[in-house]
Amino acid sequence: MTQSHREGLARLEEILAEPKRVIDVFPALFNRSISPELLGMATGEAIAHLNYLLATERAARQQDERGVWWWRQAGK
């Protein structure tokens, strides 16, 4: 894992102190706004990072009544 990925994961974990949707975590991972053309790629990249935190028990997720996944730090 590269240093930039470790730093991105640390920023991501930090902002998950409050529940977030996938699109809410983009600023922690990307240094620019996400255009409609890049939305699918950015969403996939963000989900990959969130799933890594989930697999390493550093994040948790919960689905709301509308089917939206909300991510948060594990234990919060």
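Further up the page is the structure itself.
Quick notes on the rules
- Here, residues in each chain are numbered from 1, in the same order as that chain's written sequence.
- Restriction of local features to residues with pLDDT of at least 70 applies here, the model being predicted, together with a cutoff of 80 or more for giving and counting side-chain atom pairs; totals for whole chains, interfaces and linings are based on all residues.
- The basis for the side-chain values is all heavy atoms of the structure; hydrogens and waters are excluded.
- By convention, a stacked pair of Phe, Tyr or Trp rings (six-membered ring in the case of Trp) has centres within 6.5 Å and planes under 30 degrees apart, an edge-to-face pair has planes over 60 apart, and any other such pair is tilted.
- Remark: a charge is flagged as sitting over a ring if the NZ atom of Lys or the CZ atom of Arg is within 6 Å of the ring centre and within 35 degrees of the ring normal.
- We define a salt bridge as a side-chain nitrogen of Lys or Arg found within 4 Å of a carboxyl oxygen belonging to Asp or Glu.
- Per the convention used, a helix needs a DSSP run of H or I reaching at least four residues, while a strand needs a run of E reaching at least two, with both numbered from the N terminus.
- Relative accessible area decides the class of each residue, using a 1.4 Å probe on protein chains only: under 20% of the type maximum gives buried, over 50% gives exposed, and in between gives partly exposed.
- Criterion used throughout: strands pair if DSSP finds at least two bridges between them.
- By convention a nonpolar core is built from buried Ala, Val, Leu, Ile, Met, Phe, Trp, Tyr and Cys residues, the set being connected through side-chain atoms within 4.5 Å.
- Residues count as neighbours in contact if any of their non-hydrogen atoms are within 4.5 Å of one another.
- Expected helix span is computed as 1.5 Å times (number of residues minus one).
- The arc refers to the directions leading from the helix axis to the C-beta atoms.

Caption draft 1: Representation of the packing of aromatic side chains within the structure. Following the criterion strictly, the structure yields one aromatic pair and no others. Here Phe 26 and Phe 30 contribute two aromatic rings whose centre-to-centre distance is 5.7 Å and whose plane-to-plane angle is 70°, an arrangement assigned as edge-to-face. The ring of Trp 69 has Arg 61 sitting right over it, with the charged end atom 3.9 Å from the ring centre.

Caption draft 2: Broad picture of the pattern of salt bridges. A full pass over the atoms with the stated rule returns three salt bridges. A salt bridge links Arg 58 to Glu 13; the nearest nitrogen and oxygen atoms lie 2.9 Å apart. Highlighted residues: Arg 58 in the loop between helix H3 (39-55) and strand E1 (59-63) and Glu 13 in helix H1 (residues 3-15), separated in sequence by 45 residues. Judged by its relative accessible area of 28%, Arg 58 is partly exposed.

Caption draft 3: Structural context of the pairing of strand E2 (residues 69-73). For E1 and E2, the ladder comprises five bridges, and the chain directions are antiparallel. Note that in E2 the partner of Ala 59 across the bridge is Gln 73. Hairpin connection of E1 to E2: five residues between the antiparallel strands, including Gly 67 at a positive phi of 90°.

Caption draft 4: Highlighting the nonpolar core. Of all hydrophobic cores here, the largest spans 14 residues; its most connected members are Leu 12, Leu 16, Val 25 and Leu 50. Elements with a minimum of two residues in this core: H1, helix H2 (26-29) and H3. With four residues, H3 is the largest single contributor of residues to this core. Those residues in contact with Leu 16, other than ones at most four positions away along the chain, are Val 25, Leu 50, Leu 53, Ala 59, Trp 71, Arg 72 and Gln 73.

Caption draft 5: Here's a closer look at the environment of His 5. The residue His 5 is located in helix H1 in this model. Ignoring anything within four residues of it in the chain, the contact list for His 5 reads Glu 45 and His 49.

Caption draft 6: Inspection of H1 at higher detail. A rise of 1.5 Å per residue sets the reference length of H1, with its 13 residues, at 18 Å; its end C-alpha atoms lie 19 Å apart and thus fit the reference within 8%. Where H1 is concerned, the buried positions are Gly 8, Leu 9 and Leu 12. Taken end-on, H1 shows its buried residues confined to a sector of 100°, consistent with a single buried face. Next to the buried residues of H1 lie H2 and H3.

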